[in-house]
Amino acid sequence: MTMVKNVTVIPATVDMHTRIPKGHKAKRRVAGYARVSTDSEEQQTSYTAQVEYYTRFIQDNPNWLFVGLYTDEGISAISTKNRDGFNRMVADAMAGKIDLIVTKSVSRFARNTVDSLSTVRKLKDMGTEVYFEKEGIYTFDSKGELLITIMSSLAQEESRSISENVTWGHRKRFADGKVSMTYSHFLGYQKGADGLPEIVPEEAEVVRLIYRSFMEGKSAGCIAKLLTSQGIPTPGGKQNWQTTTIKSILTNEKYKGAALLQKRFTVDFLTKKQKRNEGEVPQYYVENSHPAIIPPEEWALVQAEMKYRRENGTYFFRDSCYSGKLVCGSCGYLFSPKIWHSTSKYRREIWRCNAKYERKTYCKTPHLYEKDIHATFLSAFSKLMANRDSLLEDCRMMYEVLGDCSKLDVQLRAMEEEALVVAGLIENCVNENATQALDQQAYLERYEGFVARYEALQGQRERLERQREERVSKGALISVFMFEVAELDALPMQFDEKLWTAVVERVTIHEDERLVFTFRNGAEVTELL
């Protein structure tokens, strides 16, 4: 005999979302959220309108209790990370202070699908509902999450489109040679009446001091300490200068009146993460884009000096124009400064081989006083200048040869074109393997062959680029050398640090007290102590 089942329905007594007892007539605690993404006048009007509208909208509902309006001004909705008002509202909701959030639309809430859904679900778990007025979506509704997903995806794609349009606009300006600077953190320039950079005289003097100090032998760290001690504010208005700030000023091409545009680019429009441009997107180099603070030939000399110090960094012992230029003819080590009788009236500073007593057989090269360096340099330079016209003509020929990079440029373009072809073959190979059943051994051999070819091309391209960079660097040094020589109306009677740095490559000191001066143009002159 079949037994008859008796089912008794026990009705729900608590709302599944809010956990409030059924039939409870308490007013819902309601908050509003308003946001605009820019500080423009038009957006300010929209912001004010949103604040007024939602304050009145909530207060006019007899079943709602207005608990406050949360706002974000001039903040993008792409990420919730930096939206203080939004994050404060969510925190209050999680603390049980809000039952319902009213906002204009899904795009006002978030243009990132992941952020939107995760926030809505988190609020839902805590019993807080969100109402998107424009779309008419209540998140406690059974179809709410599906609709939010669709609308958030549409909003995210709108953000992508806006981001791409903005990027295109920036690149169009770059291609047109239009230069922009972050003037508030850029020393020496301000935005002029015509919208172009103009020089700020007082700040430009600080920039010139930095370049001059560097060419006098001071390191970036020493210059930073000097500026800090003099109470000169940094580009950002701070008191303490950092070594990195000095290096940035010394390497920024804008100080010579040129501009390399798109040094960095945005990788992801959602996170706004940026990275250094290493060839992923085009760059634009604009010459004579604005007035120069530092003459181009002086800027080029600073870059060459920085490269030289980088390559010989471990051998620079102090801030001096002689540092890194005096070489021991016996062991190849650089000379460094030493103090004799440091605590007596006979205190003297000398320069000697830094490895003089570090080997079993001591170097017999003599030590030098500054007066020795000065006297021998002036004598060697006067010999070099004996036939100045011929010297300058030789330099011009060298400069033309070094400056002609046309063959290297042709080779580089050919390498880049071939690399693009090989990259396409790699992509086709991978796609073919993903869509067809191939012999994996044969596929791997073909794939690895393409990859090896691509890597070889990249290696060749890097070598050619280094060759080109070296030629350009040498050309710049020759250019500075010519400039200094051509500017001299008469032979110098006193030692000049700037002239020394510009024309001397190195001085090799030998045991027999010979000093061989190697100048930037490759010429050698021998002097005796």
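Scroll up a little and you will see the structure.
To keep things clear, this report deals only with the structure shown in the data block. (Residues numbered from 1 in each chain as written. Predicted model: local features only at pLDDT ≥ 70, side-chain atom pairs only at ≥ 80, totals over all residues. Heavy atoms only, no water.)

Here we take up the sheet that holds strand β1 (residues 28–36). Across the sheet, which stays open at both edges, the five strands sit in the order β2-β1-β3-β4-β5 with mixed pairing between neighbours. The sheet is open, and its two edges are formed by β2 (64–73) and β5 (137–138), each paired on a single side. Lying on the sheet, helix α2 (residues 84–94) is in contact with β1, β2 and β3 (100–103); it crosses β2 at an angle near 150 degrees. (Pairing = 2+ DSSP bridges. Helix = DSSP H or I, 4+ residues; strand = E, 2+ residues; numbered from the N terminus. Contact = heavy atoms within 4.5 Å. Axes fitted to C-alpha atoms, helices over the stretch in contact; angles between N-to-C directions.)

Pairing within the open sheet is mixed, and its four strands lie in the order β12-β15-β16-β17. Each end of this open sheet is capped by a strand with a single partner; those strands are β12 (326–328) and β17 (524–528). Averaged over all neighbouring strand pairs, the angle between strand axes comes to 25 degrees, with direction disregarded. Looking at chain direction, strand β15 (residues 504–509) and strand β16 (residues 514–519) are connected through five bridges and run antiparallel. Within the sheet, the bridge partner assigned to arginine 506 lies in β16 and is threonine 518.

If you check the backbone angles, glutamate 513 has positive phi at about 70 degrees while not being a glycine. For glutamate 513, the location among the structural elements is in the loop between β15 and β16.

As a further point, take the packing of helix α9 (residues 296–311) against helix α13 (residues 440–487). At a minimum axis distance of 9 Å, the contact between α9 and α13 shows a crossing angle of 125 degrees. In terms of their interaxial angle, α9 and α13 are classed as oblique. As α9 packs across α13, the resulting crossing turns out to be left-handed. Residues Glu297, Ala300, Leu301, Ala304 and Lys307 of α9 form the contact with α13, whose participating residues are Glu470, Ser473, Ala476, Leu477, Val480 and Phe483. Counted by class, the contact of α9 with α13 contains seven nonpolar, one polar and three charged residues. (Parallel < 35°, antiparallel > 145°, perpendicular 65-115°, else oblique. Left-handed = near helix turned anticlockwise from the far one by under 90°. Nonpolar A, V, L, I, M, F, W, Y, C, P; charged D, E, K, R; others polar.)

Take the pairing of β1 next. With seven of its nine residues buried, β1 lies for the most part within the structure. Note that β1 and β2 share nine bridges and pair parallel. Across the sheet, arginine 28 pairs through a bridge with tryptophan 64, a residue of β2. Two elements, β1 and β3, share four bridges in a ladder whose sense is parallel. Looking at the pairing, glycine 32 lines up with valine 102 of β3. (Buried < 20%, exposed > 50% of the residue type's maximum accessible area, 1.4 Å probe, protein only.)

If you look at the biggest cluster of nonpolar residues, it comprises 69 residues, and the most contacted ones within it are Trp241, Tyr255, Leu326, Phe377, Phe381, Trp500 and Phe519. Sort the elements by how many residues they give to this core and helix α6 (residues 201–215) lands first, with eight residues. In contact with tryptophan 241, not counting residues within four places along its chain, are Leu187, Val206, Ile210, Ala224, Leu227, Thr228, Ile232, Pro233, Thr234, Pro235, Ile246 and Ile249. By size, the runner-up hydrophobic cluster in this structure holds 16 residues, among which are Ala31, Val106, Val120 and Ile137. (Core = buried A, V, L, I, M, F, W, Y, C linked by side-chain atoms within 4.5 Å.)

Time to look at the packing of aromatic side chains. For the coordinates displayed, the defined rule picks out 21 aromatic pairs. Ring centres of tyrosine 54 and phenylalanine 57 lie 6.2 Å apart, and the angle between their planes is 80 degrees; this geometry places the pair in the edge-to-face category. Of this pair, tyrosine 54 and phenylalanine 57 are both found in helix α1 (residues 41–59), three residues apart, which corresponds to roughly one turn of the helix. Site record: aromatic cluster; members linked through ring pairs are Tyr322, Trp351, Phe377, Phe381, Phe495, Trp500, Phe517 and Phe519. (Phe/Tyr/Trp six-rings, centres within 6.5 Å; stacked < 30°, edge-to-face > 60°.)

Attention shifts here to the environment of glutamate 524. Looking at the secondary structure, you find glutamate 524 in strand β17. The class for glutamate 524 is exposed, based on a relative accessible area of 55%. The spacing of glutamate 524 and glutamate 505 is 19 residues in sequence and 10.0 Å in space, taken between C-alpha atoms. Contacts of glutamate 524, omitting those with residues within four sequence positions, involve Val516, Phe517 and Thr518.

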